[in-house]
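If you want the building blocks of each chain, they are given just below.
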Amino acid sequence: QVQLMESGGGLVQAGGSLRLSCSAFGSRSSFTSMAWYQQAPGKQRELVAKITSGGTTDYADSVKGRFTISRDNAKNTVYLQMNSLKPEDTAVYYCNAVSLSTFRVYWGQGAQVSVSS
């Protein structure tokens, strides 16, 4: 089985930065799109950023110019650099990956990001 493990969450003041990492373990599979989603309490999970195996990126309008997604295919790792953080960015951030060979969808357990005003 593939297991995704996030790291790098924490608590920062508005205007600060965090870098999230997500690595896949337990498989030698490669992935198509890898992505980050956010979910605040009582709200639906929504896409923040995604990146294809070829490096094409897409961002939610609310984070454009502030967040940057990147990936290292050799390490099966995806990153999310978050700058100029705002209180409304506070949420649990989930890593998502889709297997190239099976198209099975995998989710991480989530990383808490809290931004204080």
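That block above? That's the structure.
Residues numbered from 1 in each chain as written. Predicted model: local features only at pLDDT ≥ 70, side-chain atom pairs only at ≥ 80, totals over all residues. Heavy atoms only, no water.

K.L.:
Can you lay out the state of the cysteines for me, pointing to particular residues and giving the numbers?
P.N.:
If you walk through the whole model with that rule in mind, you get one disulfide. Here Cys22 connects covalently by a disulfide to Cys95, the sulfurs 2.0 Å from one another. On the S-S bond that ties Cys22 to Cys95, the torsion sits near -85°, and the link is left-handed. Placement of Cys22 in strand E3 (residues 18-25) and of Cys95 in strand E9 (residues 91-99) is noted, with a sequence separation of 73 residues between them. Taken individually, Cys22 and Cys95 each receive the classification buried, so the pair is uniform in this respect. (Disulfide = S-S within 2.5 Å. Helix = DSSP H or I, 4+ residues; strand = E, 2+ residues; numbered from the N terminus. Buried < 20%, exposed > 50% of the residue type's maximum accessible area, 1.4 Å probe, protein only.)

K.L.:
Describe the packing of aromatic side chains, and please don't skip the residues or the numbers.
P.N.:
Under the definition given, this model contains one aromatic pair. Over the ring of Tyr94 we find Arg45; its NZ or CZ atom is 3.7 Å from the centre of that ring. Sitting over the ring of Trp107, Arg45 keeps its end group 4.7 Å from the ring centre. (Phe/Tyr/Trp six-rings, centres within 6.5 Å; stacked < 30°, edge-to-face > 60°. Lys NZ or Arg CZ within 6 Å of the ring centre and 35° of its normal.)

K.L.:
Explain unusual backbone geometry to me, and be specific about the residues and the numbers.
P.N.:
Residues other than glycine seldom take positive phi values, yet Asn76 does so here, at roughly 50°. On the secondary structure map, Asn76 appears in the loop between strand E7 (67-72) and strand E8 (77-82). In this model, Phe103 sits at a positive phi of 65°, which is unusual for a non-glycine residue. By the element assignment, Phe103 lies in the loop between E9 and strand E10 (105-107). Looking at Phe103, the relative accessible area reads 56%, which means it is exposed.

K.L.:
With reference to specific residues and values, describe the nonpolar core.
P.N.:
Among the nonpolar cores identified, the biggest contains 28 residues, and Trp36, Leu80, Met82 and Tyr93 are the most heavily contacted of them. Every element with two or more residues in this core is listed here: E3, strand E4 (31-39), strand E5 (46-51), E7, E8, E9 and strand E11 (111-116). What Met82 contacts, discounting residues up to four positions off in sequence, is Gly16, Ser17, Leu18, Leu20, Arg66, Phe67, Tyr93 and Val113. (Core = buried A, V, L, I, M, F, W, Y, C linked by side-chain atoms within 4.5 Å. Contact = heavy atoms within 4.5 Å.)

K.L.:
Pulling in residues and values, what's your account of the sheet that holds E7?
P.N.:
Spatially, four strands are ordered E1-E3-E8-E7 in an open sheet, and the strand pairing comes out antiparallel. Each having just a single partner strand, strand E1 (3-7) and E7 make up the two edges of the open sheet. Mean inter-strand twist for the sheet, computed between neighbouring axes without regard to direction, equals 15°. Where E3 lies against E8, six bridges are found, and the strand directions are antiparallel. Looking across to E8, one finds that Leu20 is bridged to Leu80. (Pairing = 2+ DSSP bridges. Axes fitted to C-alpha atoms, helices over the stretch in contact; angles between N-to-C directions.)

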